[in-house]
Amino acid sequence: MADVTQSVNVFEQIRLVAGLRWRILRNSLRKKNNRLDLIGLIFTGIFSGIVVIGLCFAFYAGAYAFLSRGRLEWMASLFWGIFLFWQLFPVFVAGFGASFEFRTLLRFPLNLRAFYIIGLAYGFADFSALASICWLLAMTAGAAVAKPGVLPAMLVIVAAFILLNATLERLIGSWLERLLARRRTRELFLGLFVLSMVSLNFLSPLMQRYGASARPVFLRVLPYFAWFPPSLAGRALAAIIRLQPAGFLLNSALLLLYLVLFSALLWCRFAAQYRGEEVSETAAPARTAVRPIAGKDHGPDRLSLLSPPVAAVVRKEFRYLTRNGFAYLTLLMPPLLIMIFSMNFAGRHPTVGGKGVSADIFFPGMMAYLILILMAPAYNSFAYEGRGIQTYFTAPLRFRDVLLGKNLMLVSVLSVEIALSIAMLAWRVGLPSAHMLVATCAAIIFTIVGQLTVANWSSITFPRKMEFGQMRGQRQSGMAVLVAFASQILMGGISAVILFTGNWTGNPWLPAEAFVLLAAAAVGGYFASLDALTKLAEEKKEGLIEALCR
Amino acid sequence: MPEMAIQTQKLTRRFGNLTAVDGIDLQVAAGQFFGFLGPNGAGKSTTIKILTGLLAPTSGSMRLLGVDFAENPVEVKRQIGVVPEGMGLFERLTGPEYLKFVGRMYGLDRATTQRRSEELLEFMQLADRPKSMIADYSHGMQKKLALAAAVIHGPRILFLDEPFEGVDALAAGALKALLARMTERGTTIFLTSHVLEIVERLCSHVAIIHKGRLVAQGSLEELRVGISSEAGSKTTLEQIFLSIVGQDGTERPQLEELSWLM
């Protein structure tokens, strides 16, 4: 008869989970690449430590100043700052990737209470929680120095506030986890997140234009914030200083009510997980209606000019692009960026600099910037292939067909993007002079085709697997980034020098002629490189497969 | 002398100090259903990767259907189909899209690719989810799709790395029937599996690799010679395997050490 183990207490289990997380981190640093990450982690740690300690002083000074000068209502603003950081920061840094799944602990003999406590304790291990607790303690110290009698009440309020924040953060986290369990939602969320970050650039021009009229609306909404936890914490503290025990009790009771409500909701979420809730798409795929596939796709082949393998790769790349929500949404960025930059720097009413930049400078500058952004993925073009990369090596084709197909798709996307951007520029700023327009268009061909050759080499030599719809852990190989950076600086530098030669020599058409020649050379060089790259791919195939099939 | 589908000579692959495949000489005749067996880490997948062009050998040579792989890899690849370890699927395509992609990569025209992919999807019972991405398929469905992709161009040699893993009994039965029919029509099938009963039922010939070396090769009858079994019963492949691979005794777990479990 096998032994039956004794039940382990909750605190021992928490200790074991903490140890597990530590070992996962330590083991992940064993590899050579990850040791470089460790150096990055140390630098980030030092930087974060400085920020946290610096803000500790700021919260200490803020609490001390507000209490000693009798500005009690301002204490709520400190609680609000901590509250927003604690709740929003984890969403920004951890909402996208799979980190340690504490739900996997369910395979062990835990009861629901233990699962809840471990889940809650897990929330205290976040950077945002640790930093916020430090700041709340600094606030407590500042308040105690300013008004020593307030310390017991402050400790009660801070304890409730910490527990409330930790509970709410876990609640938001578990809801997000449920929402992001589906790949499509995750990609959409990530795309919207990136777009909203880009849209922040609109804030400055919008505030300049509509700031004055938005102020009364903001002031009208402000009183409603008084019923949220940070304001309640601030009011409870103010009440105790003003010797209004009823006010303290009322606000504290409301704060506790929030805590009870959030705890109950979190208990329900954890209970659902404890019962084995699984919402990811692969667990139980929904059956779709039977749909005959015969008769589809018999129309004329729109890619009939290409060889079958190249056409197949182009089609596959197009489908991958349309299914990568993040990449798809980032295609909206170039026209958006042109709008933002033209609002700030060019046209008749630039919000920065006062005087608008001329179209002859703005046009090539914007094009260079767009190519910089849009060419970046080409330096790791096999990133999303995954295990499919093996097909390229088992199929009877030369690798040049794969490169050609991938590059054709990228060039098509770039062409559409650049055409859209030129239309946006023409609308916002106006077109540049004819010689500058021709020179820039030829320079675009030169830089794109020239970079493709280097980018293909980089993709084969420094591959790094990436996952659709994930942000966390999605980094290019350091060498690929370096190659991209060097290549773009070189191409950009050459282009800038040639563009200025028109001014220096007094011959405005000289840059256009030079770029046409360089573009022709780049196209010739590109086709000449394909065979050499095919040979290289054959030599590097093991590394390529190993890196992408991981 | 039968026509040889696969012939290797002193095929070797080293990873640093580790010799994963150590000078193996394989002989697989055309039309054979060939089982390639070995314990975990013996070198089975490495051998398949070398034979299908996913890995270059450190030394040695190989000929598939009489063509030297090193000299004419494209011609060899045109004749073979592969279900590699991990299946090698593009997970962001739908099943029909993937089959069309593979068909075109192997040079089939559009109409043939379309027709064959429809037939294969029907056969593999994957036709009712034409809009689902492969990433959303179950493991068994992915396996069936990988097999469909491996045969869409009508290969003369089919390499299958654990083809029945995760496939339900119903589908496995249909697949076995399909594979048996393919061998009847002259296709050579080179299969690895840990399920020895499947290999015994399907394969006419077997090779066993252990620690990178080929320790046995031949028909099941040839391998049975000299291996004792219970009186009156036929020697099973499991007995053959254990008697060859477990000869040094290191592979058998020391059950007496786990007394607390008994």
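Residues numbered from 1 in each chain as written. Chains lettered and ligands numbered in written order. Predicted model: local features only at pLDDT ≥ 70, side-chain atom pairs only at ≥ 80, totals over all residues. Heavy atoms only, no water.

I'm lost on the overall build of chain B in this one. Help?
The helix and strand tally for chain B stands at nine helices and eleven strands. By the burial criterion, 57% of the 262 residues in chain B qualify as buried. For chain B, contacts bridging at least 24 residues in sequence account for 67% of all contacts bridging at least 6. Summed over all atoms, the accessible surface of chain B reaches about 11400 Å², with 51% contributed by carbon and sulfur. (Helix = DSSP H or I, 4+ residues; strand = E, 2+ residues; numbered from the N terminus. Buried < 20%, exposed > 50% of the residue type's maximum accessible area, 1.4 Å probe, protein only. Contact = heavy atoms within 4.5 Å. Areas by Shrake-Rupley, 256 points an atom, 1.4 Å probe, with all protein chains shown as cover.)

Quick question: what am I supposed to make of the overall build of chain A here?
Looking only at helices and strands, chain A features 19 helices and zero strands. A total of 550 residues make up chain A; the buried ones form 45% of that total. Considering only contacts within chain A whose residues lie at least 6 apart along the sequence, 81% involve residues at least 24 apart.

Honestly, the pairing of strand S7 (residues 80-83) of chain B in this entry has me stumped. Any pointers?
For a regular strand, side chains alternate in direction, first toward one face of the sheet and then toward the other. Residues and elements named next belong to chain B. Side chains Ile80 and Val82 of S7 all project onto a buried face; the interleaved residues Gly81 and Val83 project onto the opposite face, where all are buried too. With four bridges connecting them, S7 and strand S8 (residues 157-161) associate as parallel partners. The residue of S8 that forms the bridge with valine 82 is phenylalanine 159. (Pairing = 2+ DSSP bridges.)

Explain empty space enclosed by the protein here, please?
Any empty space left between atoms is shown by rolling a water-sized probe over those atoms. In the structure shown here, the tally under the stated rule is two cavities of 30 Å³ or more. Of the voids in this model, the largest cavity is the one considered here, and its volume is about 130 Å³. In this structure, the largest cavity is lined by 13 residues; those nearest its centre are Thr391(A), Thr394(A), Val82(B), Tyr98(B) and Tyr106(B). Put simply, the parts of the chain that give the lining of the largest cavity at least two residues each are helix H15 (389-394) of chain A together with helix H3 (95-105) and helix H5 (139-151) of chain B. Taken together, the residues of the lining of the largest cavity sort by class into nine nonpolar, four polar and no charged. (1 Å grid on protein atoms, 1.4 Å probe; cavity = no way out; pocket = protein on both sides within 12 Å on 5 of 7 lines; lining within 4 Å. Points joined across faces, edges and corners; volume = space filled by probe spheres on them. Nonpolar A, V, L, I, M, F, W, Y, C, P; charged D, E, K, R; others polar.)

Before we go on, may I ask you to explain the nonpolar core in this structure?
Note on soluble globular proteins: their nonpolar side chains tend to be buried together. Counting residues in each nonpolar core, the largest one holds 126 residues, and the members touching the most others are Phe399(A), Tyr98(B) and Phe101(B). Setting aside residues no more than four positions away along its own chain, Phe101(B) makes contact with Ala312(A), Val313(A), Lys316(A), Thr391(A), Tyr392(A), Phe90(B) and Leu93(B). Residues Phe66(A), Val158(A), Ala160(A) and Leu266(A) belong to the second largest nonpolar core, which totals 57 residues. (Core = buried A, V, L, I, M, F, W, Y, C linked by side-chain atoms within 4.5 Å.)

Got a minute to help me understand the sheet that holds strand S11 (residues 213-219) of chain B in this structure?
Sheet strands pair by backbone hydrogen bonding; their relative direction is either parallel or antiparallel. Residues and elements named next belong to chain B. A sheet is described by the order of its strands in space; here six strands give the open sequence S7-S8-S9-S4-S10-S11, paired in mixed fashion. Both edges of this open sheet fall to S7 and S11, since each of them pairs with a single strand only. Strand-to-strand, the axes of this sheet are offset by a mean angle of 15 degrees, without reference to chain direction. Its contacts with the sheet place helix H9 (residues 237-245) against strand S4 (33-37), strand S10 (205-210) and S11, and it is angled at close to 30 degrees to S10. (Axes fitted to C-alpha atoms, helices over the stretch in contact; angles between N-to-C directions.)

For this particular structure, what's the right way to read the packing of aromatic side chains?
To describe a pair of aromatic rings, you give the distance between the ring centres and the angle between the ring planes. Here the structure, examined in full by the defined rule, presents 30 aromatic pairs over all chains. Look at Phe85(A) and Phe89(A): their rings are 5.0 Å apart centre to centre, the planes differ by 25 degrees, and that puts the pair in the stacked class. Within this pair, Phe85(A) and its partner Phe89(A) are both found in helix H3 (residues 75-94), separated by four residues, close to a single helical turn. Residue classification places Phe85(A) among the partly exposed residues on the basis of a relative accessible area of 22%. Grouping aromatic residues by their ring pairs yields a cluster made of Tyr320(A), Phe382(A), Tyr392(A), Phe393(A), Phe399(A), Phe90(B), Tyr98(B) and Phe101(B). Its end group placed over the ring of Tyr320(A), Lys316(A) keeps NZ or CZ at 4.3 Å from the ring centre. (Phe/Tyr/Trp six-rings, centres within 6.5 Å; stacked < 30°, edge-to-face > 60°. Lys NZ or Arg CZ within 6 Å of the ring centre and 35° of its normal.)

Sorry, what's going on with the pattern of salt bridges here?
Under the criterion given, the structure shown has 15 salt bridges over all chains. A salt bridge links Glu97(B) to Arg319(A), with the nearest nitrogen and oxygen atoms 3.2 Å apart. Of this pair, Glu97(B) sits in helix H3 while Arg319(A) sits in helix H11 (residues 308-323), each in a different chain. Assessed through its relative accessible area of 13%, Glu97(B) is described here as buried. Among the ionic pairs, Glu75(B) bridges to Arg78(B), the shortest N-O distance being 3.5 Å. Separated by three residues within a single helix, Glu75(B) and Arg78(B) lie in helix H2 (residues 73-79), roughly one turn from each other. The partly exposed category is assigned to Glu75(B), whose relative accessible area is 27%. (Salt bridge = Lys/Arg side-chain N within 4 Å of Asp/Glu carboxyl O.)

In this structure, what is going on with helix H16 (residues 399-428) of chain A? I would like to understand it.
In an α-helix, one full turn covers 3.6 residues, which means residues spaced three or four apart are oriented alike. For H16(A), with 30 residues, the first-to-last C-alpha span of 43 Å sits near the 44 Å given by 1.5 Å per residue. Looking one or two residues beyond H16(A), the residue adopting positive phi is Gly430(A), at roughly 100 degrees. (Expected span 1.5 Å × (residues − 1).)

Even after reading the chapter, I still don't get the packing of helix H5 (residues 127-146) of chain A against helix H6 (residues 151-179) of chain A, so can you show me in this structure?
In a packed pair of helices, the relevant descriptors are the angle between the two axes and the axis-to-axis distance. Residue and element names in this part refer to chain A. Viewed as axis vectors pointing N to C, H5 and H6 meet at an angle of 165 degrees, and their least axial separation amounts to 10 Å. Our classification of the angle between H5 and H6 gives roughly antiparallel. Seen from above, H5 lies across H6 with right-handed handedness. Facing Ile133, Leu136, Met139, Thr140, Ala143 and Ala144 of H5, the residues of H6 in contact are Leu151, Met154, Leu155, Val158, Phe161 and Ile162. A per-class count over the contact of H5 with H6 returns eleven nonpolar, one polar and no charged. (Parallel < 35°, antiparallel > 145°, perpendicular 65-115°, else oblique. Left-handed = near helix turned anticlockwise from the far one by under 90°.)

Before we go on, may I ask you to explain the side chain of Ser132(A) in this structure?
Mapped onto the elements, Ser132(A) comes out in helix H5. When near neighbours in sequence (up to four residues on either side) are disregarded, Ser132(A) contacts Ile82(A), Phe85(A) and Trp86(A).

For this particular structure, what's the right way to read unusual backbone geometry?
Apart from glycine, the bulk of residues carry a negative phi angle, and the bulk of peptide bonds sit in the trans form. Within the chain, Leu243(A) stands out as a residue other than glycine whose phi angle is a positive 60 degrees. By secondary structure assignment, the location of Leu243(A) is in the loop between helix H9 (229-241) and helix H10 (245-274). We note that Leu65(B) has phi near 55 degrees; this positive angle belongs to a residue other than glycine. For Leu65(B), the position within the fold is in the loop between strand S5 (59-64) and strand S6 (67-68).

What's the story with helix H4 (residues 110-123) of chain B in this structure? I'm lost.
Taking 1.5 Å of rise per residue, the 14 residues of H4(B) would be expected to cover 20 Å, and the 20 Å separating its terminal C-alpha atoms lies within 8% of that figure. Taken together, the buried positions of H4(B) are Arg110(B), Thr112(B), Thr113(B), Gln114(B), Ser117(B), Glu118(B), Leu120(B) and Leu121(B). On its buried side, H4(B) packs onto H11 of chain A together with H3 and H5 of chain B. Taking the backbone nitrogen of Ala111(B) as reference, a side-chain oxygen 3.1 Å away marks Asp109(B) as the first, capping residue of H4(B). Immediately downstream of H4(B), the backbone of Gln125(B) shows phi near 60 degrees, a positive value. (Polar contact = N/O pair within 3.5 Å; in protein donor to acceptor, adjacent residues only side chain to side chain.)

Hey, could you run me through the confidence of the model for chain A in this one?
Detail in the predicted coordinates should be disregarded across regions flagged by low pLDDT. Residues and elements named next belong to chain A. Taken residue by residue, chain A gives an average pLDDT of 80. The fraction at 70 or more is 79%. Note on residues 95-99: pLDDT is under 50 here. Beyond four places in sequence and across chains, it has 15 contacts. Across residues 282-296, confidence stays below pLDDT 50; counting only partners more than four residues off in sequence or on other chains, it has 23 contacts. (pLDDT = per-residue confidence, 0-100.)

Got a minute to help me understand the environment of Ser381(A) in this structure?
Residues and elements named next belong to chain A. Inspection of the secondary structure assignment puts serine 381 in the loop between helix H14 (359-375) and H15. Here the alpha-carbon distance between serine 381 and leucine 410, two residues 29 residues apart in the chain, equals 9.7 Å. Residues in contact with serine 381, not counting those within four places in the same chain, are Lys406 and Ser459.

Explain the pairing of strand S2 (residues 18-24) of chain B to me, please; I cannot follow it from the model alone.
Residues and elements named next belong to chain B. Both strand S1 (residues 4-15) and S2 contribute to a ladder of four bridges, which runs antiparallel. Across the sheet, arginine 14 pairs through a bridge with threonine 19, a residue of S2. Hairpin connection, S1 to S2: the antiparallel pair is bridged by two residues, and glycine 16 has positive phi, about 65 degrees.

Would you explain the environment of Ala512(A) in this entry?
Residues and elements named next belong to chain A. Among the structural elements, alanine 512 can be located in helix H19 (residues 510-548). A residue is classified by how much of its surface remains accessible, and alanine 512, at 3% relative accessible area, is buried. The contacts of alanine 512, once residues within four sequence positions are left out, are His435, Val438, Ala439 and Ala442.

Even after reading the chapter, I still don't get the side chain of Thr461(A), so can you show me in this structure?
Residue and element names in this part refer to chain A. In this structure, threonine 461 sits in helix H17 (residues 434-461). With relative accessibility at 18%, the residue threonine 461 sits in the buried group. Polar contacts involving the side chain of threonine 461 include one to the main-chain carbonyl oxygen of tryptophan 457, which spans 2.6 Å. The residues contacting threonine 461, other than those within four sequence positions of it, are Leu536 and Lys540.

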